[in-house]
Amino acid sequence: MFTYSAVIYDGKKQNLVRYDCGTDTEFSSYLESRFGCHVCLWSNKELSETTMAAIAASRVQSKKDGLDKTEVL
């Protein structure tokens, strides 16, 4: 899951949009359904907070189970 951010110009004003979804195609479909004809001035894609929390929880569990052998150098 990713959090997409974009600045969209809809012909009247700029809008900062944030949306959680899994793919670029899903985000494009969301923008199309919400704004119809628009110009994307800027966009960004990052792991969502939910995904980051799941990764952190998985690491904690792996360390508890003795499965995580990675070390920070």
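Scroll up for the structure.
Residues numbered from 1 in each chain as written. Predicted model: local features only at pLDDT ≥ 70, side-chain atom pairs only at ≥ 80, totals over all residues. Heavy atoms only, no water.

Caption draft 1: Region of interest: the overall build of the protein chain. Secondary structure summary: the protein chain contains two helices and three strands in total. When the elements of the protein chain are put in sequence order from the N terminus, they spell out β-β-α-β-α. Radius of gyration (C-alpha) of the protein chain: 18 Å, far over the 11 Å computed for a compact globule of 73 residues. Dimensions of the protein chain, computed from the C-alpha atoms along their principal axes, are close to 55 × 25 × 15 Å. The buried share of the protein chain, taken over its 73 residues, is 21%. Counted over contacts in the protein chain with a minimum sequence separation of 6, partners at least 24 positions apart contribute 44%. Accessible surface computed for the protein chain: about 5600 Å², of which carbon and sulfur atoms make up 54%. Across the protein chain, the 9 positively charged side chains and the 10 negatively charged ones have centroids separated by 4 Å. (Helix = DSSP H or I, 4+ residues; strand = E, 2+ residues; numbered from the N terminus. Rg over C-alpha atoms; globule rule 2.2 N^0.38 Å. Buried < 20%, exposed > 50% of the residue type's maximum accessible area, 1.4 Å probe, protein only. Contact = heavy atoms within 4.5 Å. Areas by Shrake-Rupley, 256 points an atom, 1.4 Å probe, with all protein chains shown as cover. Lys, Arg positive; Asp, Glu negative; His and termini not counted. Charge placed at Lys NZ, Arg CZ, Asp CG, Glu CD.)

Caption draft 2: Region of interest: the nonpolar core. Core analysis: the biggest nonpolar cluster contains nine residues, these being Tyr-4, Ala-6, Ile-8, Val-17, Cys-21, Phe-27, Tyr-30, Leu-31 and Phe-35. Here this core takes four residues from helix α1 (residues 24–35), the largest share from any one element. Residues contacting Cys-21, with those up to four places away along its chain left out, are Met-1, Phe-2, Tyr-4, Glu-26 and Phe-27. (Core = buried A, V, L, I, M, F, W, Y, C linked by side-chain atoms within 4.5 Å.)

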